[in-house]
Amino acid sequence: MGKSKNKSKTGSNGAFGKSPAEESKKASKAAAEQESKAAATTTTAATAEAEEAEEAESQKEESQSLLKQPRIKDGSFLLRSSWNVPFLVVSNLDLVEEIPTPNAEEWKELIALCHTLVKQWIGRKCVVLADFEGEFMGMGGELVSAAFQRTLVVDSKALAPLLGSRATK
């Protein structure tokens, strides 16, 4: 009888038949793969953070560059509600008696300012209340005005009142 070419797969490591050296190689390979995945995740997270910081800086510069017209800078288009909450009146018509009608340049800046504000609200995942006023809206009527206000009493994830807010007391 000659030597058998089939070697037993059961070695020092039981039924799986892998030697300690093979197990060590396998463990090293798995550790290297985990390190590679962790490095890729860290790189992705760092890239995302850098992009967010760049976007925030861009929005800040855009906001600062928008306020070129003197009447926009001094708040001529701001009005206060009965609760003394300031709000921006955006209309190219003579909509509110106390608010001047913007000229063409002011109108462009007001629209750009609103665009920047909406981008910031979206970026921060803010909850915004909307109030539309008009005549026979939904039946072919006409929209007269719309008001939008960020609110801090509604949780943006659950869309439920925040605990401890006035709405829940």
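Nothing here was measured: the structure is a model prediction, and the numbers come from that model.

Parameters at a glance
Numbering of residues starts from 1 in every chain and runs along the sequence as written. Selection of residues for local features in this predicted model requires a pLDDT of at least 70, selection of side-chain atom pairs for listing and counting requires 80 or more, and totals for whole chains, interfaces and linings are taken over all residues. Here the side-chain values reflect all heavy atoms present in the structure, with hydrogen atoms and water set aside. Using protein atoms alone on a 1 Å grid, points that fit a 1.4 Å probe yet trap it form a cavity, whereas open point sets bounded by protein on both sides within 12 Å along at least five of seven lines form a pocket; residues with an atom within 4 Å of a point count as lining. Grid points are joined across faces, edges and corners, and a volume is the space filled by probe spheres set on the points. Secondary structure elements are defined from DSSP: runs of H or I of at least 4 residues count as helices, runs of E of at least 2 residues count as strands, and each element is numbered from the N terminus. Think of it as three bins: nonpolar holds Ala, Val, Leu, Ile, Met, Phe, Trp, Tyr, Cys and Pro, charged holds Asp, Glu, Lys and Arg, and polar takes everything else, Gly as well. In what follows, salt bridge is the name for a side-chain nitrogen of Lys or Arg lying within 4 Å of a carboxyl oxygen of Asp or Glu. Relative accessibility decides the category of a residue: with a 1.4 Å probe and only protein chains considered, values under 20% of the type maximum give buried, values over 50% give exposed, and everything between is partly exposed. Put simply, two rings from Phe, Tyr or Trp (the six-membered ring, in Trp's case) pair if the centres are within 6.5 Å, and we call them stacked under 30 degrees between planes, edge-to-face over 60, tilted for the rest. Among the buried residues, those of types Ala, Val, Leu, Ile, Met, Phe, Trp, Tyr and Cys that are joined through side-chain atoms within 4.5 Å form a nonpolar core. Contacts are assigned to residue pairs with any non-hydrogen atoms lying within 4.5 Å of each other.

Turning to the layout of surface pockets, a few remarks are in order. Taken as a whole, the largest pocket holds about 1300 Å³ of empty space. Around the largest pocket, the lining comprises 41 residues; the ones closest to its centre are Leu88, Val90, Ala146, Ala147 and Phe148. At the level of elements, α2 (70-73), β2 (86-88), α3 (104-123), β3 (127-135) and β4 (142-151) are the ones that each hand at least two residues to the lining of the largest pocket. It is β4 that provides the largest number of residues to the lining of the largest pocket, a total of 9 residues.

Counted by the stated rule, this structure contains 1 cavity of 30 Å³ or more. In this structure, the largest cavity spans a volume of roughly 40 Å³. Of the residues assigned to the lining of the largest cavity, the class counts are 8 nonpolar, 1 polar and 1 charged.

Taken as a whole and assessed by the stated rule, the structure comprises 2 salt bridges. One salt bridge in this structure joins Arg71 and Glu106, with 2.7 Å as the shortest N-O distance. Here the residue Arg71 occupies a position in helix α2, and Glu106 occupies one in helix α3, the gap between them amounting to 35 residues. Judged by relative accessible area, which is 29%, Arg71 ranks as partly exposed. Judged by relative accessible area, which is 2%, Glu106 ranks as buried.

Within the structure shown, the criterion is met by 1 aromatic pair. Residues Phe132 and Phe148 carry aromatic rings whose centres are separated by 5.7 Å and whose planes lie at 80° to one another, so their mutual orientation is edge-to-face. Taken as a pair, Phe132 in strand β3 and Phe148 in strand β4 lie far apart in primary sequence, 16 residues in all.

Further remarks concern the nonpolar core. Within the largest apolar cluster, 6 residues are counted, these being Ile72, Phe77, Val89, Val96, Ile99 and Leu110. If near-sequence neighbours (up to four positions away) are discounted, Ile99 is found in contact with Ser76, Phe77, Leu78, Leu79, Val89 and Asp94.

Turning to the environment of Leu129, a few remarks are in order. Structurally, Leu129 is set in strand β3. Note on Leu129: relative accessible area 45%, which makes it partly exposed. Note: C-alpha distance between Leu129 and Ala147 (18 residues apart in sequence) is 8.0 Å. Not counting the four nearest positions on each side in its chain, Leu129 is found in contact with Ala147, Phe148, Gln149 and Thr151.

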